[in-house]
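Secondary and tertiary structure notes
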Amino acid sequence: MNREAGCGVVKREPSGCACGSGGAAPAAVRAVLEPIVQRWRGEEGNLIMILHGLQKAMGYVPRAAALELAQMLDVPLARIYEVITFYNYFKLEPPGKYVIAVCTGTACYLKGAPQIIDSLRDVLDLAEGRSVTADGLFQLDEVRCLGCCGLAPVLTVNGEVFGRVKQGDVPDIVEQFREREAGVKQE
Amino acid sequence: MSTRNDLAAVRAAAKAALYTRLQGTMDGAPEGAYRRHVLVCGGTGCESCHGAALHDALQQAVEARGLGREVKVIKTGCFGFCEKGPIVKIMPDLSFYVRVKPEDVEEIVREHLAGGKPVERLLYKEEDGTVARGGEIKFYGKQQRIVLRNCGLINPEDITEYLATDGYEALERVVTKMKGEEVIAELKVAGLRGRGGAGYPTWMKWENARRTKSERKYVVCNADEGDPGAYMDRSVLEGDPHAVLEAMAICAKAIGAQQGYIYVRAEYGLAIERLRIALEQAYAHGVLGENILGSGMRFHVAVRLGAGAFVCGEETALLESIEGHRGTPRPRPPYPANVGLFQQPTVINNVETLANIPTIIRNGGAWFAGIGTESSRGTKVFALTGKVKNSGLIEVPMGTTLREIVYDVGGGIPNGKAIKAIQTGGPSGGVIPASFLDTPVDYETLKELGSMMGSGGMIVMDEDDCMVDIAKFYLGFCVDESCGKCAPCRIGGYQMLESLKKISEGRAQADEVPRIRRVGLAMSKASLCGLGQTAANPVISTLKYFEDEYREHIEEKKCRAKKCRALFSYTIVQERCKRCGLCVKKCPVEAIPGDRKSGYRIDAAKCVKCGQCMAVCPFNAVSM
Amino acid sequence: MVTITIDGYPVKVRRGTSILEAARKVNINIPTLCKHADLPATAACGICVVKLQPSGRVLRACCTPVEEGMEIITNDGELNEVRRAVLHLILSTHPNDCLRCGRNGTCELQKLAEDFGVRHEYFPNICAPLPKDDSTGAVVLDPQKCVKCGRCLDVCQRVQNVWALSFLERGIHTRMAAAGEIQLADSPCVRCGQCAAHCPTGAIFEYDHTPQVWEALRDGGKHCVVQIAPAVRTSLGEAFGYKPGELLTGKIYAVLRRLGFKAVFDTNFGADVTIMEEAAEFVERLTRGKGVLPLITTCCPSWVDYMEKYHHDMIAHFSSCKSPQAIVGVLAKTYYAQTQKIDPATMFMVSVMPCTAKKYEKERSQDMAASGYPDVNLVITTRELARMIKQAGIDFHGIAEEMPDNLLGNYTGAGTIFGVTGGVMEAALRTAHNFLSGENPGAVDFVEVRGLKGIKESSVTVGTATVRVAIAHGLGNVDTVLERVRAAQRSGAELPYHFIEVMACPGGCVGGGGQPYGITDELRQARAKGLYKDDAQHSVRCAHENPGILRLYKEFLGKPLSEKSEHLLHTHYTARREYRR
C-alpha cells in the first residue's frame, strides 16, 4: 500500500500535533527505530522481534513510535496496536524505575505469592489495577512461572532474584531499593 | 569447517580431553586428559542463587593455584536436584556438593581439588545422614535420563562437549545414509509421542508433512513452555541446546524442510542466550547452514521470541505469532503438517519431544520402545514441585508409579503432613487423589483418572492445600491467558471463575455447582483450542474427587485447609497470650486494638488475614 | 466430489465444502452467529457445533471441510445443550436491552435467543460499560453490544483495506475499537458502513437522523424536499416483504409525499448531470490534454476519502465533478428555487441513500454549500426511511404509484444504473461515445463492465480512439488498479486505463452500508438486476438525451464545464492524514 508520509500535492488539512502522546519527536523516534528495522528487514516473521527491539530501546512502546513504525514497515497502525495490546510483554506506558516481578507460578502460589503481592500493594500504596507507583519509582508485575520453583516463593527486582521470600521480608526489600535510589540521588 | 572428517577430529579430541568425566575414572585416560572436572549447575534456578559467581570464583581459584591444566571448571545444565541447589559435582570421584556458597570455594579448591580430600560438610547426605555420591543418590535411583542425559554433564556453551557425548552423530548418519522415510520408520518403531501434552504420535506428524508437496517447508520447535510450575523445556534449552538443534535438522531431512524456527518465551533469558551461542557454534561447525556436513543439505534455524502469551504454546496460535499476528488459534483442519507456517507444511514439536530424537536415531527405535509402557514408550521429564522434600527436575520411564515418584524420588511429604493429591498437566490437567498413588504414569492412565500428562508439571499437595483454591488458581491463569477469540473460553472461563470466587468467599448460591458444570460442558465441547477445551479440567477434576470440600465451602462456609481467607479468621488465644505486643507492631493494618492491661484482640473487620501476627507470636497464641 | 452423511442422509458435495454448506443441501440450517455468507469463517462463536460419529468428537460446521465418509450429527441433546450454554454465555456479556436497540427485530443474536427459547438469564450479567463512539456522524460504535464475531474487522481490514477497526487487548477484555484509544473520526475510517452492514447486533449502527427529519417536516416554515438514490428503489421493498430487486420507484415517490415532502426529486437526475459534466471532462483530458489520465470517478464519498488519505499522489486524477447527491442538492437550492420562486433559505433538502458515507459527504468541504446554503441538509439511509414509513403507518403495498417533481426528477436509464458497480462507467461511456464521435454507441449495454468480479476491465472503440476502462468495487481492490497505473507511469509504458470507476462497497451502492440487512452476493445481484431492468425499460437510455437535462443546460447552466457548472457542480480535494491523532 502506498502511504506517503508527507506530500506536496494540494493543500494539507490543518492539523494538531503530529506525534500524539509519547512526547518524543518523530525524528528522535526514527533514529531509535532505524537500526532495529534495518536489522530485521527482509526476514520473515519479524514484527514481534522488531517490537522487542523497540521496547528494549525505549522501555515501552510510545504512540509516536508505533506511528513511525507503521510508516517504516508499511503496515497499518491497527496491526501494530492489535499486536502490542494482545501480548502482555509490550507496555504502552513508561515503566517504573524498579520493576518488582512476583512469580505466581504454581509452586510460588502455593508458598505464599498472593500474600506477598498484597503486602507489596500495601507498602507501595498501589491500588488494584495500577502497576506503577505515583512517583514512578516502582512497578509491580505479577508474572508467570520464572522457572525457579525450587526457591519458591520468588520475586525479582530489575532482575535481581530474591528467593524463599517471606511476607515479612517485603518492607525490607522495598526499603533496600528506596535507599539505593536515595543513594543514587545523592551522587 | 564443514566436513565430516573435521568434525570427527574435533569429536575425538574432545572425548580425550573429557575422558575422566565421561568414563568416571582415571584408568586408561589419554595424554592431556583433565584429571578432575568441576561441574557447577548453571540452570536458571542455581544461577539466580549465585551460581554464576560460584562458577567464576571456582575458575579463578583453580587458576590461582596453577591447577588450570589438571582441573576443568565448567557450567552445566540443570542437575535436577533443585531443592539442594546450588550444586557442584566433582568428577571422576562423583562428589556431590549441595547448597554451595561462594564462601565455600576456597575450601573446596584447597582441600579437595588440590588436597584430594572432599569437604565433608558440603557433601550431600540422605535423610538418615549417610553421605551419598553421584550414582548412589536415592533421588536419582528410579530416574532414567535420556532427554536430560547431558544436563549436569556437559557445558552447554561448548559444542565440542556435545560432540564428545556423541552429539551430531545421529545427524551425520541421517544426512549421509538415511532416507526421510527411514527416519520416520525408526520413529514409528520407537513410538515417541508428543511431549508437549497432546501425546500425538510424532512419526505421524512428520509423515504428514513429508507427504504434503511443497517447495518450502518448516520445522518449528515449540519452546513457549508456559504451564506454571513447569520448567522441563527451559532446562533442556539451557542445559543441552544442541540436542534440539540436531533434532530439528534431522526432522528437516525427514520432511524436506529448509528453514527452522525456535519459538521461545521472551522470559527465558538464559535459554535464549544459550541458544544463540549454540546456533553460532553449530553454524561454525557445519552442522547447520547451506551445506550440512558436506551433504548438500540446506537447513537454517533462527530464534523467534514470544511476548507474554501462554496461548502461543498452542500450535496454530504459535504460527500466528511468528507471522506477526495476535496469537489466536486457527480452526483445524487443516493441520499444520499440511497448512502451517506461512501456509506451508510445518512440523511443530515440543522441546522435550525433539530432545529424544538424536538418542532414538543413535540407539534405534526398538531400544526406545523397550522403555516405558505399551501405549507410552520412553521416559518423561517432570518438574516435581510443591509439598515434596526433593523438589526438582526428574526423568523417569513411563509406567513409574506416582508413589515411586513422590516417595522414592521426591523423598515424601515434608513437615509430617499428609499427602492429599497430585496435580499433573498444569492448567489443562486435573488432580489425582492420594488413593491412586499406585497408578503407573502414562498418557492413558492419567487421562482415565480425569487428568492428563500435560507437559510435565507435577505438583504435590498436602492437607494444607485447598482444592477449591487450587482450581481457582489454575482457572484464573487460563482466564488471564485466554486469547479471547471464541466465546466459550473467553466468557465461560470468566463466569466459571466468578463462581469459584463466590465459593471461596462464602457467597456461593445453591446452584453454583450445576452452573459450573454447564459452563464446563460448553467450554470442553465448543472451545476452539486446547486452552479453552481443557481449562475446566482442574475444576471438574477437583469436583470429582473432592466434592465434599466444595460442599463445605458452599453450605458450611468453611475451608478446612484454611486457605480461603474469607472463610476463616484469626483469633488470639487469651490463655496463651503474654501481651508482649509484638503482633500489634507487625500488623500492617492496625487490626489489633487493646493494651497491656486489658489485653489484645483481633478486629475481624479490619483483619486482612495476612498471618503476620501468627508468624511473629513467640507464644503460639494466635490461631486460625 | 465427496460423499458424507448428515443426520443419516447422504449428501454429495465438492471437495472443500464446509459441513455447514453441505447440511443446507439436506435442508438443515445449522444455527450460527459469527458466520456471514460474505466472509470466510472465523470460528469464533461456537454455536455451529456438530458431532462426528462414531468418535463423538465435536467440530465447528462453519470451517470444517467435509471428508469422504464423514458421519455428522447436526443436532442431539448434547449439542443442543452446548449451543444453549454458549448462547447464554454470550448473552451474559450483552446489555440485552432489545426494546431500546436499533436492531430490535433484525438482530441475529435476538433471533438465536428467540429460537432457543431463552426465558431467563442463566449467568450473572458481566457486560462491561464501554462508551459509544458516534464521532463520525455516520456509523455509531456501541462496543457493549459487540459479540466479538470479528466480521467488522474482516470487512474493514481485508475487504476494504481501510484498517480503521481492530481487536484490542485479549481474553475477556477483548474489544473492537480504532487503534490507540482514539475516536473513529480520527482514524482512517471512510464511513463506508460495511461494518454496520455486516454486524449481527446493534454494536455498529447507522447514525439515526430520522428525528431531525421529523422535526424539519413539522416545521411549517421549512420547504422540505427529498431525493432518492438509485439503489434505494430496488431495496427498500425488502423492509416491507417484497422480494429483493423489486422496482418500486413510483410507490416511493408517493410515500415520500405522504410523509410531507413538498417536492420529490430523484438522484438519478443528478446522475445524468454527473455524466454530462464528467464525460465532457473526460473528453477534455483525452483529446485536449487538459488534466491527467486516467480519469477517476468521485461519486462515492468513501472512495474519495480513501484516496485523500491513502493515495495522495493520485488525487489529481479525480474528476472534479460532484456526486449526484450533491448535484441535486445544489440544483434544488438554485435552479429549482429560482424557477419555482422559492426562497432557498427556507429549503430543507433530505436525501435518502443506501450509504452511510453520504452523511459525511454533505459536509466534507465548503464546496458542499455552493448554493449559499448547505446543498444537502440531511442524509438518511434506506433503513431509516423504512422506519419512518412504518412510524407513519403508511401501507406501502396499497399505495398507488406517482411521478416525481418534473424539474429534477426525470431520469434516463444511464442515471439509474449508477447504483451498481460498473454502472457509472457504462453510463459515462454511452455519453462519452457521443461527445467524442458525435454518435451514440451502437449497443448501449456494455456488459463487460457488469458483474461482481472485484476488478473488471474493458475497452471500447470510439471512432479511432480506443478507450480502456477499469472498474473496481470493494476498496480492497483499489491498490492493484492504482499500482498498474503507477507502474506504467514509472516505466513510461502506455497507460493501462483511461477511465477508472471505483465504488467502495462490494457490488456498488446496492450493497451499501445503509441498505436493508443480510447482504450477500445473491442480494447484490437481485438488486442490481432490478436496476438494469429499470434501465432497459426506459426509452431514453443516454444521459445526454434527457429532455430535463437539455432544458437545464439551456436555461440555467449553459453547457458542461461552463463557469456556472464549475462553480456549482464541481469540487476540490485535499490530501488528508490517515490518523488525525
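Residues numbered from 1 in each chain as written. Chains lettered and ligands numbered in written order. Predicted model: local features only at pLDDT ≥ 70, side-chain atom pairs only at ≥ 80, totals over all residues. Heavy atoms only, no water.

1. A word on the overall build of chain A
- Scanning chain A from terminus to terminus reveals 7 helices and 4 strands.
- Starting at the N terminus, the α and β elements of chain A follow one another as α-α-α-α-β-α-α-β-β-β-α.
- Taking all contacts inside chain A whose residues are at least 6 apart in sequence as the whole, residues at least 24 apart take part in 62%. (Helix = DSSP H or I, 4+ residues; strand = E, 2+ residues; numbered from the N terminus. Contact = heavy atoms within 4.5 Å.)

2. Section: the overall build of chain B
- Broken down by element type, chain B carries 25 helices and 17 strands.
- Taken over the C-alpha trace, chain B has a radius of gyration of 27 Å; the compact-globule value for 624 residues is 25 Å, and the two agree within 12%.
- Seen along its three principal axes, the alpha-carbon backbone of chain B occupies a region of about 85 × 65 × 40 Å.
- The long-range share in chain B, meaning contacts at least 24 apart out of those at least 6 apart in sequence, stands at 70%.
- Surface accessibility of chain B: about 21800 Å² in total, with carbon and sulfur atoms responsible for 49%.
- Both charge centroids of chain B, one from 82 positive and one from 75 negative side chains, sit 3 Å from each other. (Rg over C-alpha atoms; globule rule 2.2 N^0.38 Å. Areas by Shrake-Rupley, 256 points an atom, 1.4 Å probe, with all protein chains shown as cover. Lys, Arg positive; Asp, Glu negative; His and termini not counted. Charge placed at Lys NZ, Arg CZ, Asp CG, Glu CD.)

3. With respect to the interface of chain B and chain C
- The partner chain C presents 37 residues to the 31 residues of chain B that form the contact.
- The contact between chain B and chain C buries some 2900 Å² in all, and 60% of this surface belongs to carbon and sulfur atoms.
- The interface formed by chain B and chain C includes 3 salt bridges.
- One salt bridge connects Arg170 of chain C with Glu481 of chain B, and the closest N-O pair in it is separated by 3.1 Å.
- Our enumeration of links across chain B and chain C arrives at 15 residue pairs in polar contact (both at pLDDT 80 or more).
- Among the residues forming the side of chain B that touches chain C, the class breakdown is 16 nonpolar, 6 polar and 9 charged. (Buried area = accessible area lost by both parts, 1.4 Å probe. Salt bridge = Lys/Arg side-chain N within 4 Å of Asp/Glu carboxyl O. Polar contact = N/O pair within 3.5 Å; in protein donor to acceptor, adjacent residues only side chain to side chain. Nonpolar A, V, L, I, M, F, W, Y, C, P; charged D, E, K, R; others polar.)

4. Notes on the sheet that holds strand E5 (residues 218-223) of chain B
Residues and elements named next belong to chain B.
- Read across the sheet, 4 strands follow the order E7-E6-E5-E8 without closing on themselves; strand pairing throughout is parallel. Sheet topology places strand E7 (300-305) and strand E8 (346-350) at the edges, where each strand pairs with a single neighbour. Geometrically, the sheet is characterised by an average inter-axis angle of 20° between neighbouring strands, direction not taken into account.
- The pairing of E5 with strand E6 (residues 259-264) spans 6 bridges and is classified as parallel. Pairing of Val219 across the sheet is with Gly260, part of E6. (Pairing = 2+ DSSP bridges. Axes fitted to C-alpha atoms, helices over the stretch in contact; angles between N-to-C directions.)

5. Observations concerning the packing of helix H6 (residues 210-218) of chain C against helix H12 (residues 382-392) of chain C
All names here are of chain C.
- Where H6 meets H12, the axes come as close as 10 Å, and the angle between the chain directions of the two elements is 50°. As the angle between them shows, H6 and H12 are arranged oblique. When the axes of H6 and H12 are compared, the crossing they make is right-handed. Mapping the contact onto sequence places Thr210, Val213, Trp214 and Leu217 in H6 and Glu384, Met388, Gln391 and Ala392 in H12. (Parallel < 35°, antiparallel > 145°, perpendicular 65-115°, else oblique. Left-handed = near helix turned anticlockwise from the far one by under 90°.)

6. Observations regarding the pattern of salt bridges
- With the rule as written, the count across this model stands at 93 salt bridges over all chains.
- A salt bridge links Arg180 of chain A to Glu160 of chain A; the nearest nitrogen and oxygen atoms lie 3.1 Å apart. Taken together, the residues Arg180 of chain A in helix H7 (residues 170-186) and Glu160 of chain A in strand E4 (residues 160-162) connect sequence positions 20 residues apart.
- A salt bridge links Arg110 of chain B to Glu111 of chain B; the nearest nitrogen and oxygen atoms lie 3.2 Å apart.
- Judged by its relative accessible area of 37%, Arg110 of chain B falls in the partly exposed class.
- When salt bridges with common partners are traced through the structure, they connect Glu426, Arg430, Asp445, Arg450, Asp535 and Arg541 of chain C into a single cluster. (Buried < 20%, exposed > 50% of the residue type's maximum accessible area, 1.4 Å probe, protein only.)

7. Here's the deal with the environment of Asp465 of chain B
- Along the chain, Asp465 of chain B turns up in the loop between strand E13 (457-462) and helix H18 (467-481).
- Once residues lying within four places of it in the same chain are set aside, the contact partners of Asp465 of chain B are Leu110 of chain A together with Lys387, Lys420, Val460, Ala561 and Lys563 of chain B.

8. Focus: the sheet that holds E13 of chain B
Residues and elements named next belong to chain B.
- Judged by pairing direction, the sheet is mixed, and its 5 strands sit side by side in the order E10-E9-E13-E11-E12 without closing on themselves. Of all the strands in the sheet, the pair left with one neighbour each is strand E10 (392-397) and strand E12 (430-433). Strand-to-strand twist in this sheet, taken as the mean axis angle between neighbours without regard to direction, amounts to 30°.

9. Details of the pairing of strand E1 (residues 36-41) of chain B
All names here are of chain B.
- Counting buried residues along E1, 6 of its 6 residues qualify, which places the element largely inside the surrounding structure.
- Of the two faces of E1, the one carrying Arg36, Val38 and Val40 and the one carrying His37, Leu39 and Cys41 are both buried.
- As a crossover connection, the stretch from E1 through helix H3 (residues 44-64) into strand E2 (residues 71-76) is right-handed.
- Bridge analysis of E1 against strand E3 (residues 88-91) gives 4 bridges, and the strand direction is antiparallel. By the bridge assignment, Leu39 is partnered in E3 with Lys89. (Right-handed = clockwise from strand over helix to strand, strands pointing away.)

10. Quick look at the interface of chain B and chain A
- Of the residues lining the interface, 55 residues belong to chain B; the matching set on chain A comes to 38 residues.
- With a closest N to O distance of 3.3 Å, Glu43 of chain A and Arg304 of chain B form a salt bridge.
- If you list the elements that add at least two residues to the side of chain B that touches chain A, you get H3, E6, E7, helix H13 (315-322), strand E9 (379-386) and H18 of chain B.
- Looking at the side of chain B that touches chain A element by element, the count peaks at 7 residues for H18 of chain B.
- Broken down by class, the residue content of the side of chain B that touches chain A amounts to 23 nonpolar, 16 polar and 16 charged.

11. A short note on the confidence of the model for chain A
- Overall, the prediction assigns chain A a mean pLDDT of 81, with 82% of residues at 70 or greater.
- In the predicted structure, residues 1-22 of chain A sits below a pLDDT of 50 and forms 45 contacts with residues beyond four places in sequence or in another chain. (pLDDT = per-residue confidence, 0-100.)

12. Overview of helix H11 (residues 241-255) of chain B
Residue and element names in this part refer to chain B.
- The end-to-end C-alpha distance of H11, which contains 15 residues, comes to 22 Å, matching closely the 21 Å that a straight helix rising 1.5 Å per residue would cover.
- Burial analysis of H11 places 14 of its 15 residues in the buried class, which makes it a mostly covered element.
- Count one or two residues on from H11 and you reach Gly256, which has phi positive near 90°. (Expected span 1.5 Å × (residues − 1).)

13. As for the nonpolar core
- In this structure, Tyr168, Trp206 and Phe299 of chain B together with Leu165, Ile204 and Trp303 of chain C are the most contacted members of the largest nonpolar core, which totals 278 residues.
- Here this core gets 11 residues from one element, more than from any other, and that element is H11 of chain B.
- Leave out the neighbours within four places in its chain, and Trp303 of chain C touches Ile296, Thr297, Phe318, Leu475, Val478, Leu482, Val502 and Ala504 of chain C.
- With 66 residues, the next largest nonpolar core counts Ala332, Val379, Leu385 and Ala386 of chain C among its residues. (Core = buried A, V, L, I, M, F, W, Y, C linked by side-chain atoms within 4.5 Å.)

14. Description of empty space enclosed by the protein
- Applying the stated rule across the entire model yields 14 cavities of 30 Å³ or more.
- Its volume calculated, the largest cavity comes out at about 250 Å³.
- Residues of the lining of the largest cavity, tallied by class, amount to 17 nonpolar, 5 polar and 1 charged. (1 Å grid on protein atoms, 1.4 Å probe; cavity = no way out; pocket = protein on both sides within 12 Å on 5 of 7 lines; lining within 4 Å. Points joined across faces, edges and corners; volume = space filled by probe spheres on them.)

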